[in-house]
Amino acid sequence: MDTLVAQLQRQFRDYTISLYHQGFLDDQFTELKKLQDECSPDFVAEVVSLFFEDCEKLIGNMARALDQTGNVDFSLVGSSVHQLKGSSSSVGAKRVKGLCVTFKECCDSQSFEGCVRCLQQVDIEYKSLKAKLQDLFNLEQQIVQAGGRIPQVDI
Amino acid sequence: YSSMARDGGVSCLRSSETMRVGIGGMESPPLDLDEVHVLAVDDSLVDRIVIERLLRITSCKVTAVDSGWRALEFLGLDNEKASAELDRLKVDLIITDYCMPGMTGYELLKKIKESSSFRQVPVVIMSSENVLTRIDRCLEEGAEDFLLKPVKLADVKRLRSYLTRDVKLSNANKRKLPEDSVPVNTSLPPPPSPFTISPVSSDSSPPLTISPESSDSSPPLSPLEISSSPLSSPIDDEDDDVLTSSPESSSAPEESPARRQKMRSPLD
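Definitions and limits used
Residues numbered from 1 in each chain as written. Chains lettered and ligands numbered in written order. Predicted model: local features only at pLDDT ≥ 70, side-chain atom pairs only at ≥ 80, totals over all residues. Heavy atoms only, no water. Helix = DSSP H or I, 4+ residues; strand = E, 2+ residues; numbered from the N terminus. Contact = heavy atoms within 4.5 Å. Axes fitted to C-alpha atoms, helices over the stretch in contact; angles between N-to-C directions. Parallel < 35°, antiparallel > 145°, perpendicular 65-115°, else oblique. Left-handed = near helix turned anticlockwise from the far one by under 90°. Buried < 20%, exposed > 50% of the residue type's maximum accessible area, 1.4 Å probe, protein only. Pairing = 2+ DSSP bridges. Right-handed = clockwise from strand over helix to strand, strands pointing away. Expected span 1.5 Å × (residues − 1). UniProt positions renumbered as here; feature names shortened; annotations may be inferred. Salt bridge = Lys/Arg side-chain N within 4 Å of Asp/Glu carboxyl O. Nonpolar A, V, L, I, M, F, W, Y, C, P; charged D, E, K, R; others polar.

Turning next to the overall build of chain A. Counting its regular elements, chain A contains six helices and zero strands. Along its sequence from the N terminus, chain A presents helices and strands in the succession α-α-α-α-α-α. Considering only contacts in chain A between residues 6 or more positions apart, those separated by 24 or more positions represent 65%.

We now examine the packing of helix 5 (residues 94-108) of chain A against helix 6 (residues 112-145) of chain A. Residue and element names in this part refer to chain A. Put simply, helix 5 and helix 6 touch, their axes get as near as 9 Å, and they point 165° apart. Considered as vectors, helix 5 and helix 6 are oriented roughly antiparallel to each other. Seen from above, helix 5 lies across helix 6 with left-handed handedness. Seen from helix 5, the contacting residues are Arg95, Val96, Leu99, Thr102, Phe103, Cys106 and Cys107; seen from helix 6, they are Gly114, Cys115, Cys118, Leu119, Gln121, Val122, Glu125 and Tyr126.

This brings us to the pairing of strand 3 (residues 36-41) of chain B. Residue and element names in this part refer to chain B. The buried fraction of strand 3 amounts to six of the six residues, a majority that puts the element mostly inside the structure. The alternating pattern of strand 3 places Val36, Val38 and Ala40 on one face and His37, Leu39 and Val41 on the opposite face, and all of these are buried. Pairing of strand 3 with strand 4 (residues 60-65) involves six bridges; the strand directions are parallel. For Val38, the partnering residue across the bridge sits in strand 4 and is Val62. For the crossover that starts at strand 3, traverses helix 3 (residues 45-57) and ends in the parallel strand 4, the hand is right-handed.

Now for helix 6 of chain A. Taking 1.5 Å of rise per residue, 34 residues should cover 50 Å, and helix 6 of chain A covers 49 Å from first to last C-alpha, within 8% of that figure. After helix 6 of chain A finishes, the residue A:Gly147 shows a positive phi value of roughly 90°.

As a further point, take the UniProt feature "modified residue: Phosphohistidine" (unreviewed entry) in chain A. Under the UniProt annotation, "modified residue: Phosphohistidine" (unreviewed entry) lies at A:His82. Within the secondary structure layout, A:His82 lies in helix 4 (residues 74-91). Setting aside chain neighbours within four positions, we find A:His82 in contact with A:Lys104, B:Cys99, B:Ser128 and B:Glu129.

Attention shifts here to unusual backbone geometry. Cis rather than trans, the peptide bond between B:Lys149 and B:Pro150 has omega equal to 0°. At A:Gln110, a residue that is not glycine, the phi angle is positive and equals roughly 50°. Tracing the backbone shows A:Gln110 in the loop between helix 5 and helix 6. The exposed category is assigned to A:Gln110, whose relative accessible area is 54%.

To continue, consider the pattern of salt bridges. This structure, assessed with the given rule, holds 17 salt bridges over all chains. With a shortest N-O distance of 3.0 Å, A:Lys33 and A:Glu140 are connected by a salt bridge. Of this pair, A:Lys33 sits in helix 2 (residues 27-34) while A:Glu140 sits in helix 6, placing them 107 residues apart in sequence. Its relative accessible area of 11% is what places A:Glu140 among the buried residues. If you follow the salt bridges from partner to partner, you end up with B:Asp42, B:Asp47, B:Asp97 and B:Lys149 in one network.

With that out of the way, let us pick up the side chain of A:Gln28. Note that A:Gln28 resides in helix 2. A:Gln28 sits in the buried class, given a relative accessible area of 1%. With residues up to four places along the chain from it excluded, the contact list for A:Gln28 reads A:Ser89, A:Ser90, A:Val91, A:Gly92, B:Pro150, B:Val151 and B:Lys152.

Residues and elements named next belong to chain B. Per the UniProt annotation, the sites labelled "modified residue: 4-aspartylphosphate" (unreviewed entry) are Asp97. The topology assignment puts Asp97 in strand 6 (residues 93-97). In this structure Asp97 comes out as buried when scored by relative accessible area, which is 7%. Excluding anything up to four places from it in sequence, Asp97 contacts Val41, Asp42, Asp43, Gly105, Met126, Ser127 and Lys149.

Time to look at the packing of helix 2 of chain A against helix 3 (residues 43-66) of chain A. Residues and elements named next belong to chain A. Where helix 2 contacts helix 3, the two axes come as close as 8 Å, and the packing angle between them is 130°. Considering their axes alone, helix 2 and helix 3 lie oblique with respect to each other. As for how helix 2 packs across helix 3, the hand of that crossing is right-handed. In this structure, helix 2 uses Phe29, Leu32 and Lys33 to contact helix 3, whose residues at the interface are Phe43, Val44, Val47 and Val48. Residues of the contact of helix 2 with helix 3, tallied by class, amount to six nonpolar, no polar and one charged.

Right, dumping it as structure tokens:
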């Protein structure tokens, strides 16, 4: 019979693996985990939280730029996309980063519809990742509260 | 620390110890050889936090700023007069992003190399784009190394290992001591798998693949060109710096492609 801790640990392991398998996270997220220790136990959560704030800000900038009907500054949108691509890359947000690649192409070719579509997708994607990582961090908390250790998951 | 870093200005971790008074110039070795002070420059808050952590975890003291201007300000290079004051900062390494609004990392590099006080300080450039002309330009201007973002722990450990050697030894020979030959990570790096070496994510791929969204029109290098240096070991990239730098001076611009392309340890 599984203890609560063992069940939670298994859930955590499975969920983590699925996030990598489904392409939400890449090895840079693994790199971030290496930087977490007893002295900085919440490092990953802090960094991704800053990343999501960054997403919100940059998406807002892009939306405003695209809203200038007839006078869209695509280079401005492009520079925000570049920044978003950079920070998503730094935290291992693989799908967001992938969308930024497409988004950048739409900016370069000054495709308004393409940009609007990409903007919508990026918005959905970062929010989806945010919810999933929140679930993951909640699992971690539950494990710790139940007296267990957070397992190291080798992808 | 994250609230300190957010303000976009200078974030000094361990503020009581980040500044040192250097007396007599930059050539004299610091008193505590392990306390390497790094100035990190990046306009992205997320990247600043990550690079700070990477450096701190490898026992560096870090000052992180969000622009080239703030970096110059921190170094006391923002005014015209030559700095002959004694209150010179001890900075052992400057690591800067390339793409920044206002002043690029390249422009910052030039200003540092033009200054008498700090031209000896190794400068490392970071970029999310694997553009050879960019890399060449930076190396020619005197950059010590070029890191492809996202920066990993292995990259910073590599920097750290040759930096300490430079500081400890007064000559330019960057021979690596045996005990530092392979960094031991506490967690095992993931084995090569479809999930860690992704064909889709370009910037995080190993050195043999070139970013498809590279803005430069130069043709991608084949893997042969990258690892063509006879001095580079195909097995252990960690020894690249030793093998390629020993016959050359420390600031030789004609770095082998293998060295400048070596962004990852093969353990990734």
